[in-house]
Amino acid sequence: MAEDGADSGDARDWEVVVDLGAIVIAVNPSARSADQGWWDCRIAATSSPFSGEVTTIFTTADLDAFASSLTSLGEQGEAILGGGRAAEVRFVQEPQIGGTPGLLAIECSVTPSGDDPYPRLTFLIFDVRPFAERAAARVHQVLARSAEQE
């Protein structure tokens with residue numbers, strides 16, 4: 001996912017940290033406040049007939065907490081990015097009943113403000129291969145690379 005430069009006046013590469021097809025989360029150190037550990041974030045969701053993109057800012061601590069929640073997810077559980085007054089993405093996963101053994105059913109919800117439940121897009125994704133550990137590693141990799149560049 002590449003930034004078109006409209007927000008910050010420069011062309012930047014966005015780092016995709018979660019890609020489940022119907023939901024993609026990409027981050028980039030904020031050009032406005034990179035020295036403060038702020039990250040621009042794009043959350044693109046497609047759940048026919050609805051789709052859209054939430055653009056927001058998270059802190060390094062928000063991304064680190066998300067990676068930790070992904071790491072502790074296990075076979076069944078919940079991982080959250082953001083919340084409170086910020087945008088929120090929530091993944092609730094459990095083993096899929098029926099279909100291919102080992103795959104997961106993921107309930108995704110996205111809202112531009114975690115403390116206000118409206119508007120909220122909630123949808124299910126089936127036949128998902130385990131993704132949490134890989135996504136957590138990707139978040140940590142992006143954070144580490146950014147810290148090295150400072």
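Scroll up for the structure.
Residues numbered from 1 in each chain as written. Predicted model: local features only at pLDDT ≥ 70, side-chain atom pairs only at ≥ 80, totals over all residues. Heavy atoms only, no water.

> Just give me the short version of the sheet that holds strand S2 (residues 23-29), but keep the residues and values in it.
Spatial strand order, S1-S2-S3-S4: 4 strands in an open sheet with antiparallel pairing. Looking at the sheet topology across the chains shown, the edges are occupied by strand S1 (15-19) and strand S4 (50-59). The average angle at which neighbouring strand axes cross in this sheet is 20 degrees, direction not considered. Of the pairings in the sheet, the one linking S2 to strand S3 (residues 38-47) comprises 7 bridges and is antiparallel in character. Counted as the bridge partner of Pro29 is Trp39 from S3. Of the strands in this sheet, S1, S2, S3 and S4 are in contact with helix H1 (residues 60-71), which crosses S4 at around 115 degrees. (Pairing = 2+ DSSP bridges. Helix = DSSP H or I, 4+ residues; strand = E, 2+ residues; numbered from the N terminus. Axes fitted to C-alpha atoms, helices over the stretch in contact; angles between N-to-C directions. Contact = heavy atoms within 4.5 Å.)

> Tell me about the packing of aromatic side chains, and name the residues and values.
As enumerated under the stated definition, the model contains 2 aromatic pairs in all. Consider the rings of Phe91 and Phe131, whose centres lie 5.7 Å apart with planes at 70 degrees: the pair is edge-to-face. One end of the pair, Phe91, is in strand S6 (residues 88-95); the other, Phe131, is in the loop between strand S8 (121-128) and helix H2 (132-149), with 40 residues separating them in the sequence. In this pair, the class of Phe91 matches that of Phe131, namely buried. Among the aromatic residues, those joined into a ring-pair cluster are Phe66, Phe91 and Phe131. (Phe/Tyr/Trp six-rings, centres within 6.5 Å; stacked < 30°, edge-to-face > 60°. Buried < 20%, exposed > 50% of the residue type's maximum accessible area, 1.4 Å probe, protein only.)

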